[in-house]
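Residue strings, one per chain:
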Amino acid sequence: MVSVVHMIDQDIVQWTRDRAGRAGTPLLVALHGVGSNELDLLGLTPALPAAWTIASLRAPMPWGQGFSWYPLGTPGTPAVEDVDRAVEQVLAWIDAVADEHPRIGLLGFSQGGSMALQLLRARPSAFAFAVSLSGFVVPGVTDARDEAVAAVRPKVFLGHGDLDAVIPTEATTRTQVWAAEHTDVTDRTYEGLPHAVSAEELADVSAFIAAA
């Protein structure tokens with residue numbers, strides 16, 4: 001059976017600047033969670049550093065009323081091959097716009113957070129940072145990607161709530177351990193926060209991006 005290749009639709013990417021204003025600005029690529037869409041993370045943009053142009057992508061696979069980057073599988077433990085296929089498509093989109101932007105950062109929520117970390121694994125030196133909110137690192141990588149990440153130790157922000165009932169505790173712990181071993185990580189746990197983004201967390205993310 002031939003696998004279906006799901007492409008990123010460049011025509012529905014949501015930008016915070018028009019084309020004439022983007023060139024020369026740093027680019028923040030926003031990756032939404034499963035069941036959502038490219039409009040979801042735009043609500044965060046007023047609180048993020050204004051110097052950054054934000055491009056919010058739509059995941060290519062329909063899922064419920066929204067979209068998914070890859071098939072879900074076991075929560076927090078997707079098939080690495082499925083995630084890597086999705087990463088290839090996002091990298092192809094990034095390659096098409098990268099020449100206009102001196103720096104590129106990644107920000108993802110939940111499943112989008114797993115994508116941000118997997119993109120960082122694919123190209124550890126290509127991104128200024130990765131922000132994973134209520135996300136996780138994908139298990140099952142057996143090649144040399146993590147050794148390459150550790151050699152660079154890119155900047156990573158992990159944010160998660162202590163009341164998150166969506167991402168299993170095992171996946172969150174796995175991510176914290178991986179990030180501490182391989183990256184320059186800022187790891188924050190927010191008391192009373194479910195599977196969501198709080199104002200306190202968003203302020204921390206904004207400060208992280210401004211400093212990074």
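For the structure itself, look to the data block above.
An account of the accompanying structure is given in this report. All of these numbers come straight from a predicted model, not from anything done at the bench.

Brief notes about empty space enclosed by the protein
Thinking step 1. The full count for this structure, using the stated rule, is 1 cavity of 30 Å³ or more.
Thinking step 2. Ser132, Ser134, Gly135, Phe136, Leu158, Gly159, His160, Thr172, Thr175 and Gln176 are the residues that line the largest cavity.
Thinking step 3. Its residues assigned to classes, the lining of the largest cavity shows 2 nonpolar, 8 polar and no charged.

Considering the pattern of salt bridges
Thinking step 1. Inspection of every chain in the model, using the stated rule, returns 9 salt bridges.
Thinking step 2. The salt bridge involving Arg121 is made with Asp146; its shortest N-O contact spans 2.8 Å. Placement of Arg121 in helix 3 (residues 111-122) and of Asp146 in helix 4 (residues 145-152) is noted, with a sequence separation of 25 residues between them.
Thinking step 3. Several salt bridges converge on common partners, so that one network encompasses Asp84, Asp143 and Arg145.

Observations regarding the side chain of Ser206
Thinking step 1. Tracing the backbone shows Ser206 in helix 6 (residues 199-211).
Thinking step 2. Exposure remark for Ser206: the relative accessible area of 16% places this residue in the buried category.

Remarks on helix 2 (residues 80-97)
Counting along an α-helix, one turn takes 3.6 residues, and residues three or four places apart therefore face a common direction.
Thinking step 1. Helix length check: helix 2, at 18 residues, gives a terminal C-alpha distance of 26 Å against a target of 26 Å (1.5 Å per residue), a fit within 8%.
Thinking step 2. Val80, Asp82, Val83, Asp84, Ala86, Val87, Gln89, Val90, Leu91, Trp93, Ile94 and Val97 are the residues of helix 2 that are buried.
Thinking step 3. Residues of helix 2 that are buried sit in contact with strand 1 (14-15), strand 2 (27-31), strand 3 (53-57), strand 6 (104-109), helix 3 and helix 4.

A look at the packing of helix 2 against helix 3
Thinking step 1. Axis separation between helix 2 and helix 3 bottoms out at 10 Å; the angle between their running directions is 75 degrees. In terms of orientation, helix 2 and helix 3 fall into the roughly perpendicular class. Seen from helix 2, the contacting residues are Val80, Val83, Asp84, Ala86, Val87, Val90 and Leu91; seen from helix 3, they are Met115, Gln118, Leu119 and Ala122.
Thinking step 2. Its residues assigned to classes, the contact of helix 2 with helix 3 shows 9 nonpolar, 1 polar and 1 charged.

Re the nonpolar core
Thinking step 1. Of all hydrophobic cores here, the largest spans 40 residues; its most connected members are Val29, Leu57, Trp69, Trp93 and Met115.
Thinking step 2. The set of elements that each furnish at least two residues to this core consists of strand 2, strand 3, helix 2, strand 6, helix 3, strand 8 (155-161) and helix 5 (169-182).
Thinking step 3. At 9 residues, the largest contribution of residues to this core is made by helix 2.
Thinking step 4. Residues within four places of Leu57 in sequence aside, it is in contact with Ile8, Val13, Val29, Ala30, Leu31, His32, Glu38, Trp69, Val90 and Trp93.
Thinking step 5. If you look at the next biggest cluster of nonpolar residues, it comprises 21 residues, including Leu44, Phe129, Val205 and Ala212.

Section: helix 3
Thinking step 1. With 12 residues, helix 3 should cover 16 Å at 1.5 Å per step; its first-to-last C-alpha distance of 17 Å lies within 8% of that length.
Thinking step 2. Judged by how many residues are buried, helix 3 sits mostly within the fold: 11 of 12 residues are covered.
Thinking step 3. Turning to helix 3, its buried residues number three or more, namely Gln111, Gly112, Gly113, Ser114, Met115, Ala116, Leu117, Gln118, Leu119, Leu120 and Arg121.

Looking at unusual backbone geometry
Thinking step 1. Positive phi, close to 60 degrees, is recorded for Ser110, a residue that is not glycine.
Thinking step 2. Within the secondary structure, Ser110 sits in the loop between strand 6 and helix 3.
Thinking step 3. Residue Ser110 is classed as buried on the basis of its relative accessible area, which comes to 7%.
Thinking step 4. The phi torsion at Ser134 lies on the positive side, around 55 degrees, for a residue other than glycine.
Thinking step 5. Following the sequence through the fold, Ser134 ends up in the loop between strand 7 (129-133) and helix 4.
Thinking step 6. The class of Ser134 is buried, set by a relative accessible area of 1%.

Brief notes about the packing of helix 3 against helix 4
Thinking step 1. Relative to each other, helix 3 and helix 4 sit at 85 degrees, their axes nearing to 8 Å. Between helix 3 and helix 4, the angle falls in the class roughly perpendicular. Across the interface between the two elements, Gln118, Leu120 and Arg121 from helix 3 touch Arg145, Asp146 and Val149 from helix 4.
Thinking step 2. Residues of the contact of helix 3 with helix 4, tallied by class, amount to 2 nonpolar, 1 polar and 3 charged.

How each quantity is defined
- Position numbers for residues start from 1 in each chain and track the written sequence from start to end.
- Residues qualify for local features only when their pLDDT is at least 70, as the model is predicted, and side-chain atom pairs are given and counted only at 80 or more; totals for whole chains, interfaces and linings, by contrast, use all residues.
- Side-chain calculation: all heavy atoms of the structure are included, whereas hydrogens and water are not.
- Computed over the protein atoms alone on a 1 Å grid, cavities are sets of points where a 1.4 Å probe fits but cannot get out and pockets are open sets with protein on both sides within 12 Å along at least five of seven lines; a residue lines them when it has an atom within 4 Å of a point.
- Grid points are joined across faces, edges and corners, and a volume is the space filled by probe spheres set on the points.
- Under this grouping Gly is polar, as are all residues other than the nonpolar Ala, Val, Leu, Ile, Met, Phe, Trp, Tyr, Cys and Pro and the charged Asp, Glu, Lys and Arg.
- A side-chain nitrogen of Lys or Arg and a carboxyl oxygen of Asp or Glu constitute a salt bridge if their distance falls within 4 Å.
- Each helix is a run of H or I in the DSSP string that is no shorter than four residues. Each strand is a run of E no shorter than two, and both are numbered from the N terminus.
- Whether a residue is buried, partly exposed or exposed follows from its accessible area with a 1.4 Å probe, protein chains only, as a fraction of its type maximum: under 20%, in between, or over 50%, in that order.
- In this analysis, the expected span of each helix is defined as 1.5 Å times one less than the number of residues it contains.
- Here, residues are in contact when the closest pair of their heavy atoms is within 4.5 Å.
- Each axis is a line fitted through C-alpha atoms, and for a helix only the stretch in contact is used; angles between axes span 0 to 180 degrees, taken between their N-to-C directions.
- Throughout, the term roughly parallel applies to angles under 35 degrees, roughly antiparallel to angles over 145, roughly perpendicular to angles from 65 to 115, and oblique to all others.
- To form a nonpolar core, buried Ala, Val, Leu, Ile, Met, Phe, Trp, Tyr and Cys residues must be joined to one another through side-chain atoms within 4.5 Å.

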